[in-house]
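Each chain, written out:
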Amino acid sequence: MIMSSIHIVSRDLTALKTIKVYTKEDFDEMFVIPKRVLSLVGIRMTHNISDLQDKCWSLLYWLEMTNILVFLPTEFLSMVVTAINATSFREGAKMFRMIPCFGTVVLSVFKSMKIKTNRTTFENIHHELREMWKTGRVTEDEHRIISPVSKQLNYIIKGVMVIWSNIAWDMLFCVYIAHVTIQFKLLSQRVRGLIYVRVDQQLVASYPLAKVRQETTEDDNDVPNGTLQNEWEMAQQRELVNIVKTHHKLIRLTADMEAMFSLVLLVNFINSTTIICFCGFCCVVSIQTI
């Protein structure tokens, strides 16, 4: 009896050493830099501001956008004039050096307008992911799911601040995807926790189902018998209902993200492919003309 008590106490002390506490601030910290960069172009997200402040931010955005939209036709005409007035192939190749910059500006305009016109959808994704964020003490398995992704995001967000102005949209997509991935993994962990089968003569301990049971339940005595078993079964049913609701919410958030990002990512892919092709072409032409 004494040895059993000592074992329980030592196990509890070990668990306390590995306990990790997460708060909403951990979630908000990952969005500080994206919000800051978006505010530079007049886009405010998840901020409680007055109507007057909102109009001022909108005015700032559309002033910047008008400036860019006026610049784009001028740049396009400049490329056309360069191609028409070229007297040699080398002079005409200058147009190909201008296309990547032009494409990047067009893509940036497209991305920013997507956020501006669908701000409520982006904010809804943010709020729902924040609501689903695990807070308080978490188990060791949950910590192993959350910690690596959080560290990677912090490294990417804080480590590449120099290029944030160019990839703010892409990093916003990465942060959303990372959090959805965390929630799906946590949901999978909860589903595994529902599986309980006693290891006996019919279920060999080396079978996969028995291994899952051993990972999720340390002792058969964790499951009560008799009158308390009904309460345990009701708790399991409630947990199953919550899992289904969470799964439906994640599916809906994934659909919203697909609607917001799929077309822009396709345009981003086409633009990047075009830039790579033109840069390679210009490099080959430059080498041959030396």
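Residues numbered from 1 in each chain as written. Predicted model: local features only at pLDDT ≥ 70, side-chain atom pairs only at ≥ 80, totals over all residues. Heavy atoms only, no water.

- Taken from UniProt, the Subcellular location (unreviewed entry) comment for the protein chain reads in full: "Cell membrane". (UniProt positions renumbered as here; feature names shortened; annotations may be inferred.)

## A short note on the overall build of the protein chain
Phase 1: Per the secondary structure count, the protein chain includes eleven helices and two strands.
Phase 2: Reading the helices (α) and strands (β) of the protein chain from amino to carboxyl end gives α-β-α-α-α-α-α-α-β-α-α-α-α.
Phase 3: Put simply, the protein chain has 290 residues, and 30% of those count as buried.
Phase 4: In the protein chain, once contacts between residues fewer than 6 apart in sequence are set aside, the share between residues at least 24 apart is 76%.
Phase 5: Summing over all exposed atoms, the protein chain offers an accessible surface of approximately 18,300 Å²; the carbon and sulfur share of this is 63%. (Helix = DSSP H or I, 4+ residues; strand = E, 2+ residues; numbered from the N terminus. Buried < 20%, exposed > 50% of the residue type's maximum accessible area, 1.4 Å probe, protein only. Contact = heavy atoms within 4.5 Å. Areas by Shrake-Rupley, 256 points an atom, 1.4 Å probe, with all protein chains shown as cover.)

## Here's the deal with a nonpolar patch on the surface
Phase 1: Together, Phe110, Leu263, Leu266, Phe269 and Ile270 make up an exposed nonpolar region whose accessible area comes to about 480 Å².
Phase 2: At four residues, the largest contribution of residues to the nonpolar patch is made by helix α11 (residues 227-289).
Phase 3: Structurally, the position occupied by leucine 266 is in helix α11. (Patch = residues over 30% accessible without salt bridge, like charges linked within 9 Å, V, L, I, M, F, W, Y side chains within 5 Å. Salt bridge = Lys/Arg side-chain N within 4 Å of Asp/Glu carboxyl O.)

## Side note on the pattern of salt bridges
Phase 1: For the structure shown, the criterion picks out eight salt bridges.
Phase 2: Taking the shortest distance from any N to any O, the salt bridge between arginine 252 and glutamate 128 comes out at 2.8 Å. Within this pair, whereas arginine 252 is found in helix α11, its partner glutamate 128 is found in helix α7 (residues 119-132), the two being separated by 124 residues in sequence.
Phase 3: Here glutamate 239 makes a salt bridge to arginine 190, at a shortest N to O gap of 2.8 Å. Of this pair, glutamate 239 sits in helix α11 while arginine 190 sits in helix α9 (residues 164-194), and the two are 49 residues apart along the sequence.
Phase 4: Using a relative accessible area of 25% as the deciding quantity, one classes glutamate 239 as partly exposed.
Phase 5: By sharing partners, the salt bridges in this structure join Asp54, Arg119 and Glu123 into a single network.

## Observations concerning helix α3 (residues 32-40)
Phase 1: For α3, the set of buried residues is Ile33, Pro34, Val37, Leu38 and Ser39.
Phase 2: At the C-terminal side of α3, glycine 42 shows a positive phi close to 85°.

## Observations concerning the packing of helix α4 (residues 51-84) against helix α6 (residues 94-117)
Phase 1: At a minimum axis separation of 10 Å, α4 and α6 run at an interaxial angle of 155°. Considering their axes alone, α4 and α6 lie roughly antiparallel with respect to each other. Our pair here, α4 against α6, has a crossing hand that is left-handed. (Axes fitted to C-alpha atoms, helices over the stretch in contact; angles between N-to-C directions. Parallel < 35°, antiparallel > 145°, perpendicular 65-115°, else oblique. Left-handed = near helix turned anticlockwise from the far one by under 90°.)

## Quick look at the side chain of threonine 246
Phase 1: Residue position: threonine 246 is located in helix α11.
Phase 2: Looking at threonine 246, the relative accessible area reads 19%, which means it is buried.
Phase 3: Aside from chain neighbours lying at most four places away, what touches threonine 246 is Met132, Leu187 and Arg190.

## Some words on the nonpolar core
Phase 1: Ranked by size, the top nonpolar core spans 42 residues in total, and within it Phe122 and Tyr176 carry the most contacts.
Phase 2: Breaking this core down by element, the ones donating at least two residues are α3, α4, α6, α7, α8 (140-159), α9 and α11.
Phase 3: The biggest single contributor to this core is α9, with eight residues. (Core = buried A, V, L, I, M, F, W, Y, C linked by side-chain atoms within 4.5 Å.)

## Side note on the confidence of the model for the protein chain
Phase 1: The predicted model of the protein chain averages 76 in pLDDT, with 75% of residues at 70 or higher.
Phase 2: Taken element by element, the protein chain is modelled with least confidence in helix α1 (residues 2-18), mean pLDDT 40, and with most confidence in α7, mean pLDDT 89.
Phase 3: Overall, residues 1-18 carries pLDDT values under 50, and its contacts beyond four positions in sequence, including any with other chains, amount to three contacts. (pLDDT = per-residue confidence, 0-100.)

## Focus: the packing of aromatic side chains
Phase 1: Tallied over the entire structure, the rule returns nine aromatic pairs.
Phase 2: Ring geometry for phenylalanine 31 and tyrosine 176: centres 5.8 Å apart, planes at 45°, overall tilted. Of the two residues, phenylalanine 31 is situated in the loop between α2 (24-29) and α3 and tyrosine 176 in helix α9; the sequence distance between them amounts to 145 residues.
Phase 3: An angle of 55° between the planes, with centres 4.9 Å apart, marks the rings of phenylalanine 173 and phenylalanine 261 as tilted. Of this pair, phenylalanine 173 sits in helix α9 while phenylalanine 261 is found in helix α11, placing the two residues 88 residues apart along the sequence.
Phase 4: Here the aromatic cluster, defined as three or more aromatic residues joined through ring pairs, consists of Tyr22, Phe27, Phe31, Phe122, Trp133, Phe173, Tyr176 and Phe261. (Phe/Tyr/Trp six-rings, centres within 6.5 Å; stacked < 30°, edge-to-face > 60°.)

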